Amino acid sequence: DNKAEEHDYDIYNRKIVWENENNTGQQIIIYDIDSKNITQIPFYKISDPFQYHPRIYNNKVVWAIDGWDFEEDGNTYDYFYIDLTTNEIKKINSFLGGIHDVKFYGDIMYYNDYRNKTMGPYSYNIITNEEEKINYIDSLQIESDIGENYVVWRYENKTYVYDIEKNREKEIKSKILS
């Protein structure tokens with residue numbers, strides 16, 4: 001049986017990416033709505049055929065490869081991206097622990113990272129290889145998302161927004177729910 005399971009979709013403009021899981025592993029698929037072309041992201045000089053969590057922004061697709069190195073705290077996740085205009089694949093970095101809710105904006109990857117038993121929003125510049133913790137509260141911060149120039153997340157039933165261009169964080173207070 002060679003039936004595939006497809007999940008973890010992401011869309012930007014007229015391109016869709018997703019995981020395609022079948023009996024040979026998990027691959028990342030790209031579908032161009034206009035041309036109707038379907039392509040598979042090639043494996044990056046590795047023997048592990050499992051690729052996870054694709055995200056697309058402009059002409060870049062980012063994805064993870066799981067389970068390469070085992071450390072005290074868990075798996076190391078290797079992240080890669082492909083520039084769809086050049087088909088060049090680059091390794092971004094290895095992240096120890098669990099990265100969740102990855103979003104991609106420009107050359108910056110945003111994510112929640114579970115470190116030291118806390119989860120919080122981080123950014124990683126794929127060009128300069130610099131990582132930055134967006135919020136410095138050492139506690140569980142969940143449900144983040146990114147759109148335009150903003151990152152939003154929840155911490156202790158409060159909602160925060162981070163303005164990427166102004167490098168400014170603000171709590172959103174709603175009188176509707178008070």
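Use the structure listed above.
Let me begin by describing the structure that accompanies this report. (Residues numbered from 1 in each chain as written. Predicted model: local features only at pLDDT ≥ 70, side-chain atom pairs only at ≥ 80, totals over all residues. Heavy atoms only, no water.)

So, the overall build of the protein chain
Per the secondary structure count, the protein chain includes zero helices and 16 strands. Each of the 178 residues in the protein chain was classed as buried or not, and the buried ones make up 41%. Long-range contacts, defined as pairs at least 24 residues apart, comprise 24% of the intrachain contacts of the protein chain with a sequence gap of at least 6. Of the roughly 10,700 Å² of accessible surface on the protein chain, 45% is carried by carbon and sulfur atoms. (Helix = DSSP H or I, 4+ residues; strand = E, 2+ residues; numbered from the N terminus. Buried < 20%, exposed > 50% of the residue type's maximum accessible area, 1.4 Å probe, protein only. Contact = heavy atoms within 4.5 Å. Areas by Shrake-Rupley, 256 points an atom, 1.4 Å probe, with all protein chains shown as cover.)

Description of the sheet that holds strand 3 (residues 25–32)
One open sheet accounts for four strands, arranged 1-2-3-4; its pairing is antiparallel. Both outer strands of the open sheet, strand 1 (5–12) and strand 4 (38–40), are each paired with one neighbouring strand and no more. On average, each strand axis in the sheet is tilted by 25° relative to the strand beside it, whichever way the strands run. Here strand 1 runs beside strand 2 (residues 15–22); their pairing, made up of six bridges, is antiparallel. Counterpart to Y12 in the pairing with strand 2 is K15. (Pairing = 2+ DSSP bridges. Axes fitted to C-alpha atoms, helices over the stretch in contact; angles between N-to-C directions.)

Things to note about the nonpolar core
V62, I92 and M109 are the most contacted members of the largest nonpolar core, which totals 13 residues. Those elements that provide at least two residues to this core are strand 6 (60–71), strand 7 (74–83), strand 9 (98–105), strand 10 (108–115) and strand 11 (118–125). By size, the runner-up hydrophobic cluster in this structure holds twelve residues, among which are I28, I41, W63 and L84. (Core = buried A, V, L, I, M, F, W, Y, C linked by side-chain atoms within 4.5 Å.)

Re the pairing of strand 15 (residues 158–163)
Strand direction decides the pairing type here: strand 14 (residues 150–155) and strand 15, joined by six bridges, are antiparallel. Looking at strand 15, one finds that Y155 is bridged to K158. As paired strands, strand 15 and strand 16 (residues 168–172) are joined by five bridges and run antiparallel to one another. In the strand pairing of strand 16, D163 is matched with R168. Hairpin connection, strand 15 to strand 16: the antiparallel pair is bridged by four residues, and N167 has positive phi, about 55°.

Observations regarding the packing of aromatic side chains
Geometry of an aromatic ring pair is reported as the spacing of the ring centres plus the angle between the planes. Per the counting criterion, the structure on display carries three aromatic pairs. Taking the centre distance of 5.8 Å and the plane angle of 45° together, the rings of Y9 and W18 count as tilted. Ring plane angle 50° and centroid distance 4.7 Å describe the contact between Y12 and Y57, whose orientation is recorded as tilted. Remark: Y57 occurs in strand 5 (residues 52–57) and Y12 occurs in strand 1; sequence separation between them is 45 residues. Y57 sits in the buried class, given a relative accessible area of 15%. (Phe/Tyr/Trp six-rings, centres within 6.5 Å; stacked < 30°, edge-to-face > 60°.)

Things to note about unusual backbone geometry
The backbone of K36 shows a phi angle near 65°, a positive value even though the residue is not glycine. Locating K36 in the fold gives a position in the loop between strand 3 and strand 4. We note that N87 has phi near 60°; this positive angle belongs to a residue other than glycine. Summarising the element assignment, N87 is placed in the loop between strand 7 and strand 8 (88–96).

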